[in-house]
Amino acid sequence: MMLRLFGVAGGSSYTPPRLIQIVEEGQLKGEIVQSSQAPFFVEASAGMMETNTVYHQGLGSGFPHSGSMRKVRFSKEPSLERYFLLGGSAALGQQPVNLKTKMTWKTIPLGNSVAALPIDLSISGEIQSRLLGKGISAEVLNAGMIAQDSGGVRRLAMEVLQYNPTGLFLYLGNNEGIGMAYGMNGVTLEHVPEVREILRSIRLYRVLADAIVPQTAKPPNVTLSGTKPEVLGRLTQNQWRAAGRALVQRGMPTDSVYKALLKRLQTNLAQIKEACQAQGVSLYIITTPPHLTYPPFYSANSPELLERDIYRYSKLLGNSNQAQRKQDWSSALQYSQQAVSIEKNHANGWFVYGESLRRNRQEPAALEAFETALWMDLSRKRTLPSYANIAAEVCKDGGCQTVSAYDDLRLSIEKKGFSILDQRFGDHEHLTPQGCRWIAGLFMKLLDTNKEN
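A brief structural summary. All values derive from a computational prediction rather than experimental measurement. (Residues numbered from 1 in each chain as written. Predicted model: local features only at pLDDT ≥ 70, side-chain atom pairs only at ≥ 80, totals over all residues. Heavy atoms only, no water.)

**A short note on the packing of helix 11 (residues 307-325) against helix 12 (residues 329-342)**
Two numbers describe how helix 11 lies on helix 12: the axes approach to 8 Å, and their chain directions differ by 160°. Here helix 11 lies roughly antiparallel to helix 12, going by the angle between them. When the axes of helix 11 and helix 12 are compared, the crossing they make is left-handed. Residue-level contacts link Asp309, Arg312, Tyr313, Leu316, Leu317, Asn319, Ser320, Ala323 and Gln324 of helix 11 to Trp329, Ser331, Ala332, Tyr335, Ser336, Gln338, Ala339 and Ile342 of helix 12. Here the residues of the contact of helix 11 with helix 12 are counted per class, giving 9 nonpolar, 6 polar and 2 charged. (Axes fitted to C-alpha atoms, helices over the stretch in contact; angles between N-to-C directions. Helix = DSSP H or I, 4+ residues; strand = E, 2+ residues; numbered from the N terminus. Parallel < 35°, antiparallel > 145°, perpendicular 65-115°, else oblique. Left-handed = near helix turned anticlockwise from the far one by under 90°. Contact = heavy atoms within 4.5 Å. Nonpolar A, V, L, I, M, F, W, Y, C, P; charged D, E, K, R; others polar.)

Set out below in structure tokens:
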């Protein structure tokens, strides 16, 4: 009773009903719509279609508010092979920010102050150019739209299928966390207090507390709102606290947010595949690979960690950061290695450790540390390697083809080092022209395999 009254004993589990529904059924409660479900393409003249001005100018309501698209124009009925590229801003070819390589290309303006790579430097332009180089006359239309998750891509796919394409290219994955965060808006985040000191290592208190009087004088609950990293980060952190431990097993997340993301992606990809099969349209899927050396967006301590260990860990991590600023990479590695030996589930700790390893030219170990930081990032803002596994699962019985861009990227890092990341990515998701050529090349391999079969 004293444990409950003093606010140190939370419940044993915490998963909002809406999240449970997604894990079980793969669908958000109420689909996210844009501009009252206005069509993405409208008739421009007899027999010709073009991008709806609402989306080209980034004036769409709902999610996302800025939903910019390229201005594309095409005939209702194709006169040659037609392909659509679908996805979010990375598929669209949005200009990266925070470039670490020299910018040698110009950009074009889209709606809502968005800048994009010229169409010939984008993934779709590269694919069309390569097809032409093989003597194949085809049009590859870029229907990428800013901030689309797999649900948004599914709606795009259902619309473009009426224009009789030969195939669809899907490049998606970066926005699954954003879409899920928006879908969690309005969910009440129950207060789950942290357990202090020795109680962190005692589990009996939870069993006793749950059987006694309800907790009193607890802080007010928080309602989730927005699409920033804190939304899913705090939701997952609450699950960790309720469980009294980090929901990680053998280095992999086991929380309900992670499971819901995988289930939703699988559900949407399966529906797109089914629709393509019904019309005899080829489907090619590449899930976006992560930029491993981009910092995590949301970190949290393991609930079972004792206060004294939290203090030791924080001090060591601070020392490592300070050593990095002085470019004392040997000391930075020593401090960060000690830090992750104390706290094994804090994303930022693993990232600092990975950077220290990289600077000390221990690249294989650095790669593993950066991957761990990615898995421990509770924001779910960056794409995850397991998304490629979901695509492979959807395509295993036929009806679509896929390849893991992350596996390919990992091989390139092992051969050429981490510099390849800055050459291909301008930030955590948007591609440089070199990155677009890389992804276009992977799509072409899938296309060539399909034509051979």
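Resuming the write-up.
**Focus: helix 13 (residues 347-359)**
An α-helical turn contains 3.6 residues, so a residue and the one three or four places further along point in the same direction. The end-to-end C-alpha distance of helix 13 is 19 Å, a good match for the 18 Å that 13 residues give at a rise of 1.5 Å each. With 10 of 13 residues buried, helix 13 is to be regarded as a mostly interior element. Within helix 13, burial applies to Ala347, Gly349, Trp350, Phe351, Val352, Tyr353, Gly354, Glu355, Ser356 and Leu357. (Expected span 1.5 Å × (residues − 1). Buried < 20%, exposed > 50% of the residue type's maximum accessible area, 1.4 Å probe, protein only.)

**Quick look at helix 18 (residues 433-452)**
Taking 1.5 Å per residue as the helical rise, helix 18 with its 20 residues ought to reach 28 Å, and the 28 Å between its terminal C-alpha atoms agrees with that figure. The complete set of buried residues in helix 18 reads Pro433, Gly435, Cys436, Trp438, Ile439, Ala440, Gly441, Leu442, Phe443, Met444, Leu446 and Leu447.

**Quick word on the side chain of Arg70**
By the secondary structure assignment, Arg70 is in the loop between helix 3 (53-56) and strand 3 (73-75). Within the buried set, Arg70 has no salt-bridge partner at all; the shortest N-O distance to an opposite charge, 7.7 Å, is to Asp120. (Lys, Arg positive; Asp, Glu negative; His and termini not counted. Salt bridge = Lys/Arg side-chain N within 4 Å of Asp/Glu carboxyl O.)

**Topic: the state of the cysteines**
Under the definition given, this model contains 1 disulfide. Two residues, Cys395 and Cys400, share a disulfide whose sulfurs are 2.0 Å apart. Of note, the bridge from Cys395 to Cys400 carries an S-S torsion of about -115° and is left-handed in sense. Residue Cys395 shares its accessibility class with Cys400, and that shared class is buried. (Disulfide = S-S within 2.5 Å.)

**Re the sheet that holds strand 2 (residues 48-51)**
Pairing within the open sheet is antiparallel, and its 3 strands lie in the order 1-2-3. The open sheet has two edge strands with one neighbour each: strand 1 (41-45) and strand 3. The average undirected angle you get between the axes of adjacent strands in this sheet is 40°. Examined bridge by bridge, strand 1 and strand 2 share 4 bridges and lie antiparallel to one another. By the bridge assignment, Ser45 is partnered in strand 2 with Met48. (Pairing = 2+ DSSP bridges.)

**Quick look at the sheet that holds strand 7 (residues 138-142)**
Pairing in this open sheet of 5 strands is parallel, and the strands run 7-4-8-13-14 from one edge to the other. The open sheet has two free edges, formed respectively by strand 7 and strand 14 (401-402), since each of these has just one partner strand. Where helix 6 (residues 150-160) meets the sheet, its contacts fall on strand 4 (81-87) and strand 8 (167-172), and the angle it forms with strand 4 comes to roughly 160°. Seen against the sheet, helix 10 (residues 256-279) touches strand 8 and strand 13 (282-287) and runs at an angle of roughly 170° to strand 8.

**Some words on the side chain of Arg82**
Structurally, Arg82 can be placed in strand 4. Given a relative accessible area of 0%, Arg82 falls into the buried group. When sequence neighbours within four positions are dropped, the list of residues in contact with Arg82 reads Phe74, Ser75, Lys76, Glu77, Glu139, Leu141, Tyr163, Pro165, Thr166 and Gly167.

**Considering the pattern of salt bridges**
Summed over all chains, the structure comprises 15 salt bridges. The partner of Glu126 in a salt bridge is Arg130, with the nearest N and O atoms 3.9 Å apart. On the criterion of helical spacing, the pair formed by Glu126 and Arg130 is a turn pair, its members being 4 residues apart in helix 5 (residues 123-133). Taking the relative accessible area as the measure of exposure, Glu126 reaches 12% and is therefore buried. A salt bridge links Glu355 to Arg358, with the nearest nitrogen and oxygen atoms 2.9 Å apart.

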